Amino acid sequence: MKITSRFTVAVHTLLVIYVYGKERKTTSEFIAASVNVNPVVIRRTLLSLKAAGMIEVRAGSGGANIIKDPGDITLYDVYAATDCVDGDLFHFHENPNPGCRVGKNIHAVLGAHLADAQAALENELKKVSLADLVGELESRVE
């Protein structure tokens, strides 16, 4: 199972708004040109980020602004806002054979390890803020 691209598109969107928002309107069309997706994808992304309290979107073609401090927006916040994983990251097959020693015990043997792996991923995402990414981006811009 993959984490959908909604997560990386949302991070890209926030970075475009932050980098360009002071000098121009960051409309869905403008952001879509950077992400190289249809503006409809960006409009959906903006709705998720707005619902999470990270941005405001002005009606019409007014563009979007970040309203939360970039140091207070973590990758985990974006991950949670975009519903990029349906439920748990790892999904068990539904009907292992209860008559098999492996099949009847697979959930008990593997479940806690997979939950720990998901928690580790989420904890790593909590360590990185939008401000961190802006700093990394600025160090790469020529």
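Just above sits the structure.
Values in this document were obtained by computation on a predicted structure and should not be read as measured data.

A. Spatial organisation of the packing of aromatic side chains. Scanning all chains against the criterion turns up 3 aromatic pairs. Ring geometry for Phe7 and Tyr79: centres 6.1 Å apart, planes at 85 degrees, overall edge-to-face. Of this pair, Phe7 sits in helix α1 (residues 6–20) while Tyr79 sits in helix α4 (residues 75–81), and the two are 72 residues apart along the sequence. Looking at Tyr79, the relative accessible area reads 8%, which means it is buried. An angle of 80 degrees between the planes, with centres 5.2 Å apart, marks the rings of Tyr20 and Phe30 as edge-to-face. Remark: Phe30 occurs in helix α2 (residues 28–35) and Tyr20 occurs in helix α1; sequence separation between them is 10 residues. Through a chain of ring-to-ring contacts, three or more aromatic side chains come together here, namely Phe7, Tyr76 and Tyr79.

B. Main features of the nonpolar core. Core analysis: the largest hydrophobic core is formed by 29 residues, its most contacted members being Phe7, Leu14, Met54, Ile55 and Val78. Residue assignment for this core shows that the elements contributing at least two residues are α1, α2, α3 (39–51), α4 and α6 (130–140). Residue contributions to this core peak at 8 residues, all from α1. Residues contacting Phe7, with those up to four places away along its chain left out, are Leu75, Val78, Tyr79, Thr82, Cys84 and Leu125.

Conventions we followed
- Residues numbered from 1 in each chain as written.
- Predicted model: local features only at pLDDT ≥ 70, side-chain atom pairs only at ≥ 80, totals over all residues.
- Heavy atoms only, no water.
- Phe/Tyr/Trp six-rings, centres within 6.5 Å; stacked < 30°, edge-to-face > 60°.
- Helix = DSSP H or I, 4+ residues; strand = E, 2+ residues; numbered from the N terminus.
- Buried < 20%, exposed > 50% of the residue type's maximum accessible area, 1.4 Å probe, protein only.
- Core = buried A, V, L, I, M, F, W, Y, C linked by side-chain atoms within 4.5 Å.
- Contact = heavy atoms within 4.5 Å.

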